[in-house]
There are 2 protein chains.
Amino acid sequence: MNYKLSVVYEGTRYKGWQRQKNSEMTIQGKIESVLSRYFGHPIEINGASRTDAGVHAAAQVANFKTDRAVEAKELMAYVNQYLPEDIGIFEIEAVPESYHARFHTKRKVYLYRLWTADYPPVFQRREVFWHRGASLDMEAMKEGAKLLEGKHDFKGFCTDKTKKSTERNLREISIAVTENEIRFIVEGDGFLYNMVRIIVGTLLEIGEGKRTPESVLRVLETGDRALAGETAPAQGLLLYKTFDE
Amino acid sequence: MNYKLSVVYEGTRYKGWQRQKNSEMTIQGKIESVLSRYFGHPIEINGASRTDAGVHAAAQVANFKTDRAVEAKELMAYVNQYLPEDIGIFEIEAVPESYHARFHTKRKVYLYRLWTADYPPVFQRREVFWHRGASLDMEAMKEGAKLLEGKHDFKGFCTDKTKKSTERNLREISIAVTENEIRFIVEGDGFLYNMVRIIVGTLLEIGEGKRTPESVLRVLETGDRALAGETAPAQGLLLYKTFDE
């Protein structure tokens, strides 16, 4: 049997999604531990996105295989009872044997929340990055974002040391302004390590007037991480949605 | 000089609004301590509502007097820097000498948030009460709420031991249903101790079929607290808004 899980978590206390040998504080580890207890044998889950330490998810997707057929509703009640209060499973469904969360996820949407008010984000403080100081040049940020859209080599916008391809298709970056927040909605087929956070950090520097929108072109051309902006803090980032097609 | 403060706080860690001799963990105490440091002499603030331990506020109002005229913007930056991260001041304004937050607040709106999904309220877990179990009879709850609206003696819906009048004007209780929540919006001229939480607890028992909508009439008639429902947990309650007129 193959089961697909839809997972929500606040990443603040965790060292990220991926299981680690030296820490119990990973999302994958916590979920595997509860599932293994339920089934009575070790369960390994496979997640669509390996979110970093401190990053949140509204809809992470994962799957796991087991010999035993179970009632999804009963299993969901069990895991939600035993998981820590900052991790929840909001859907469990039986899927075809061939389904693999990472390989079958074709699109992802990340949300980066920037708090811009002159008072603290009391209720949202774990999920936003508080940008204090001068107001941001929205037009310049949108211009910079536009230049990043499309299929590019994003080597300069990641901290991967991989020798694999760093080409990705960045479908869209939209920027929404609410009364107290600026929200970056970043949609792509896949993302490199720290890619969204470096893109947001770079757009912020554009908004602050520290660099021009066109400066992102040099980062794309050279693939030089040093030419991009600072990595924006993890706590503002949320894996918002994943799509199978 | 008389200054009016608009305050937002997550009440989870606090023993309520009102300063206490034996605890530093009150909202009033935290704000007074920062203001006193700024002015160099003790400042006492007067709040519109004495919210209970664990209750939150999106817009509490308070005022304080001092001999010194200050720049509101500068003072606001100072207090927001030194207050704990779960308390924020989002407005400071100079008001006439006669203004008194408690006496001048003529209407208050409280919001009670009930989480009704079958998975945990990960991001909202400190601000909602998770109602697990069967679905609630919305029509019956609305009927019970309607019977409570208007000017009544709410003695049976409070835990006050006061000999003062327990008559209050409950302007409106509206109940809004979202995908994962039921929200009780309770508006009145003033509220007794625990009044909103006991009303919500009683409406919940109506929704669960444990009592009839009409049963609230007996509580109003007799003033007997024992005939009302359980007090709903503090964490779901938020002082949403106050009005000067």
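Residues numbered from 1 in each chain as written. Chains lettered and ligands numbered in written order. Predicted model: local features only at pLDDT ≥ 70, side-chain atom pairs only at ≥ 80, totals over all residues.

Caption draft 1: Region of interest: the overall build of chain A. Scanning chain A from terminus to terminus reveals six helices and ten strands. Against the globule reference of 18 Å for 245 residues, chain A gives a C-alpha radius of gyration of 19 Å, in line with a compact fold. Projected onto its principal axes, the C-alpha coordinates of chain A cover approximately 55 × 40 × 35 Å. Sequence separation of at least 24 residues holds for 70% of the intrachain contacts in chain A that already meet a minimum separation of 6. (Helix = DSSP H or I, 4+ residues; strand = E, 2+ residues; numbered from the N terminus. Rg over C-alpha atoms; globule rule 2.2 N^0.38 Å. Contact = placed C-beta atoms within 7 Å.)

Caption draft 2: A look at the confidence of the model for chain A. In the predicted model, chain A carries a mean pLDDT of 95, and the fraction of residues at 70 or more is 100%. Interface confidence for the predicted complex, expressed as ipTM, amounts to 0.92; the pTM equals 0.93. (pLDDT = per-residue confidence, 0-100.)

Caption draft 3: Structural detail: the nonpolar core. Residue and element names in this part refer to chain B. One finds V7, Y112, M195, V196 and I199 to be the most contacted residues of the largest nonpolar core, which totals 62 residues. When residues of this core are assigned to their parent elements, the largest contribution, eight residues, is made by helix α5 (residues 195-207). Residues in contact with V196, not counting those within four places in the same chain, are Y110, Y112, V186, F191 and L237. (Core = buried A, V, L, I, M, F, W, Y, C linked by C-beta atoms within 7 Å. Buried ≥ 20, exposed ≤ 12 C-beta atoms within 10 Å, placed from the backbone.)

Caption draft 4: Here's a closer look at the domain arrangement of chain A. Residue and element names in this part refer to chain A. Per the domain assignment, the segments making up chain A are domain 1 (2-103) and domain 2 (106-243). Averaged C-alpha coordinates put domain 1 and domain 2 at centres separated by 27 Å. Listed per partner, the contact involves 15 residues of domain 1 and twelve residues of domain 2. (Domains from an automatic or database assignment.)

Caption draft 5: Structural detail: the interface of chain A and chain B. Contacts between chain A and chain B engage 18 residues on the former and 18 residues on the latter. Within the residue set of the side of chain A that touches chain B, elements represented by two or more residues are β1 (2-9), α2 (72-82) and β4 (87-95) of chain A. When residues of the side of chain A that touches chain B are assigned to their parent elements, the largest contribution, four residues, is made by β4 of chain A. Classifying every residue of the side of chain A that touches chain B gives ten nonpolar, two polar and six charged. (Nonpolar A, V, L, I, M, F, W, Y, C, P; charged D, E, K, R; others polar.)

Caption draft 6: Structural detail: the environment of L217 of chain A. Residue and element names in this part refer to chain A. Mapped onto the elements of the fold, L217 is located in helix α6 (residues 215-222). Judged by the 14 C-beta atoms lying within 10 Å of it, L217 is partly exposed. In this structure the C-alpha to C-alpha distance between L217 and L148, which are 69 residues apart in sequence, comes to 7.9 Å.

Caption draft 7: Fine view of unusual backbone geometry. The backbone of N194 of chain A sits at a positive phi, close to 70°, despite the residue not being glycine. With respect to the helices and strands, N194 of chain A occurs in the loop between β9 (181-188) and α5 (195-207).

Caption draft 8: Representation of helix α1 (residues 27-39) of chain A. Residues and elements named next belong to chain A. An ideal rise of 1.5 Å per residue puts 18 Å on 13 residues; α1 measures up with 18 Å between its terminal C-alpha atoms. When α1 is considered as a whole, its buried residues turn out to be I27, Q28, K30, I31, V34 and L35. The buried residues of α1 all sit within an arc of 165° when viewed along its axis, so they share a single face. Looking at the buried side of α1, the elements it contacts are β1, β2 (45-47), β3 (56-65), α2 and β4. Just downstream of α1, G40 is the residue with a positive phi angle, here 80°. (Expected span 1.5 Å × (residues − 1). Arc of directions from axis to C-beta.)

Caption draft 9: Main features of the relation of the copies chain A and chain B. At an RMSD of 0.0 Å, chain A and chain B line up after a rotation of 180° and a shift of 0.0 Å along the axis. One copy is carried onto the other by what is essentially a two-fold rotation axis. Here 100% of the interface residues in chain A have copies in chain B that are interface residues too; the copies meet face to matching face. (Least-squares fit on C-alpha atoms with pLDDT ≥ 70 in both.)

Caption draft 10: View of the environment of T231 of chain A. Residues and elements named next belong to chain A. Checked against the element boundaries, T231 lands in the loop between α6 and β10 (237-243). Among the residues examined, T231 registers 20 C-beta atoms within 10 Å and is labelled buried. Sequence separation between T231 and F64 is 167 residues, and the spatial gap between their C-alpha atoms is 33 Å. Those residues in contact with T231 that lie beyond four places of it in its chain are N194, R197, I198 and G201.

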